[in-house]
Amino acid sequence: MTPLLRAKGLGKRFGAVVAAEDIHIEVPAGQRLSVIGSNGAGKTTFVNMVTGYLRPDTGRIELEGEDITALGHVQIARRGICRSFQIPQLALELTLRENLLVAAAAAAGRPSLWRPAEAAGHGERAQALLQRMGLQDDADRPTLELAGGVRKLVDIAMALARKPRLLLLDEPTSGVSAGEKFDAMRRVMGALAGEAATVIFVEHDMEIVAEFSERVIAFYSGRVIADGTPAEVLAHADVQRYVTGGAGHRS
Ligand SMILES: Nc1ncnc2c1ncn2[C@@H]1O[C@H](COP(=O)(O)OP(=O)(O)O)[C@@H](O)[C@H]1O
Ligand SMILES: [Mg+2]
């Protein structure tokens, strides 16, 4: 069967830095996959290439067999690959609900005075998402007033508002306090439960990785060094050396 996402021989350099080299990954529809690796391993570069924020130097990216390598991020988002950011990209002066409406309207096409987001049925989806993620109490507050962890959830809710087929989350729990990480991930995965989305998330906390992913890919120096179940990858010698135990690990 054609995988939902196929990356073939992806490479990317920034001057002398190898941010990606010969990356081959196939992701079947419905999979929950995490990406691990020390700081600078190339995790965000991979997310940026798949979502069209960065053009790979070499290789090819396919969505259900269609070559999307040359498409920009707007076109890729329209095809159903959406993302959240390591640092949330939100309009801080808008309320949380308004941010969601903008995202939903953007997914449906250009928002305009003649086709306001509320009228197009996006209001209901925004409300449902707010409830599923436990954000309804904060819904009508300016985003500026919300704590960092809540902003991350809003950024993810915005990606979900677009009804993605493939959702990429770049460090969804970074900046979220240790005690709240599990709750944040439960809210995200709970919100996804009724959706057909495939999820790739970048994560540093190995307990979160083990709990919420069925497959793990480890990066080191722009290369994939391990790919398998959480148990297999976390027990892999190179992963213990370069990711979870050795130099360069960031907790
Ligand atoms: N836009 C850029 N310009 C120059 N170097 C970059 C750029 N983006 C990433 N890099 C470099 O590429 C490597 C991989 O970065 P990144 O993908 O952000 O790593 P990670 O997300 O795993 O921490 C790092 O050495 C980083 O400094
Ligand atoms: Mg990163």
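Up top you'll find the structure we're talking about.
First, a word on what this report is: a plain description of the structure on this page. (Residues numbered from 1 in each chain as written. Chains lettered and ligands numbered in written order. Predicted model: local features only at pLDDT ≥ 70, side-chain atom pairs only at ≥ 80, totals over all residues.)

## Examining the sheet that holds strand β2 (residues 17-27)
Sheet strands pair by backbone hydrogen bonding; their relative direction is either parallel or antiparallel.
Consideration 1: A sheet is described by the order of its strands in space; here four strands give the open sequence β2-β1-β4-β5, paired in antiparallel fashion. The open sheet terminates on both sides in strands that have one partner only, identified here as β2 and β5 (66-67). (Pairing = 2+ DSSP bridges. Helix = DSSP H or I, 4+ residues; strand = E, 2+ residues; numbered from the N terminus.)

## Some remarks on the site of ligand 1
Consideration 1: Near ligand 1 you find Phe14, Val17, Ala19, Gly37, Asn39, Gly40, Ala41, Gly42, Lys43, Thr44 and Thr45, and these make up its full shell.
Consideration 2: Mapped by element, the contributors of at least two residues to the shell around ligand 1 are β2 and α1 (43-50).
Consideration 3: Each residue belonging to the shell around ligand 1 can be placed in one class, and the counts come to four nonpolar, six polar and one charged. (Near = placed C-beta within 6 Å. Nonpolar A, V, L, I, M, F, W, Y, C, P; charged D, E, K, R; others polar.)

## Details of the environment of Leu101
Consideration 1: On the secondary structure map, Leu101 appears in helix α3 (residues 96-108).
Consideration 2: Residue Leu101 is classed as buried on the basis of its C-beta count, with 23 C-beta atoms lying within 10 Å.
Consideration 3: Considered as a pair, Leu101 and Gln127 are 26 residues apart in the sequence and their alpha carbons are 9.5 Å apart. (Buried ≥ 20, exposed ≤ 12 C-beta atoms within 10 Å, placed from the backbone.)

## Concerning the packing of helix α4 (residues 122-132) against helix α5 (residues 148-161)
Consideration 1: Closest axis-to-axis distance for the α4/α5 pair is 10 Å, and the angle between their directions is 140°. Between α4 and α5, the angle falls in the class oblique. Our pair here, α4 against α5, has a crossing hand that is right-handed. Two secondary-structure elements touch here, α4 through Arg125, Ala126 and Leu129 and α5 through Ala157, Leu160 and Ala161.
Consideration 2: Partitioning the contact of α4 with α5 into residue classes produces five nonpolar, no polar and one charged. (Axes fitted to C-alpha atoms, helices over the stretch in contact; angles between N-to-C directions. Parallel < 35°, antiparallel > 145°, perpendicular 65-115°, else oblique. Left-handed = near helix turned anticlockwise from the far one by under 90°. Contact = placed C-beta atoms within 7 Å.)

## Some details on the nonpolar core
Consideration 1: Counting 71 residues, the largest nonpolar core has Val50, Leu100, Leu129, Ala157, Ala161 and Ala218 as its most contacted members.
Consideration 2: Ranked by the residues each element gives to this core, the list is headed by α5, at nine residues.
Consideration 3: If near-sequence neighbours (up to four positions away) are discounted, Leu129 is found in contact with Leu100, Ala157, Leu160, Ala161 and Ala191. (Core = buried A, V, L, I, M, F, W, Y, C linked by C-beta atoms within 7 Å.)

## Topic: the sheet that holds strand β6 (residues 81-84)
Consideration 1: Taken together, six strands build an open sheet; the order of strands is β6-β7-β8-β3-β9-β10 and the sheet is mixed. Each of the sheet's edge strands pairs with one partner strand only, and the pair in question is β6 and β10 (223-228). Strand-to-strand, the axes of this sheet are offset by a mean angle of 20°, without reference to chain direction.
Consideration 2: Where strand β7 (residues 166-170) meets strand β8 (residues 198-202), five bridges bridge the pair, whose relative direction is parallel.

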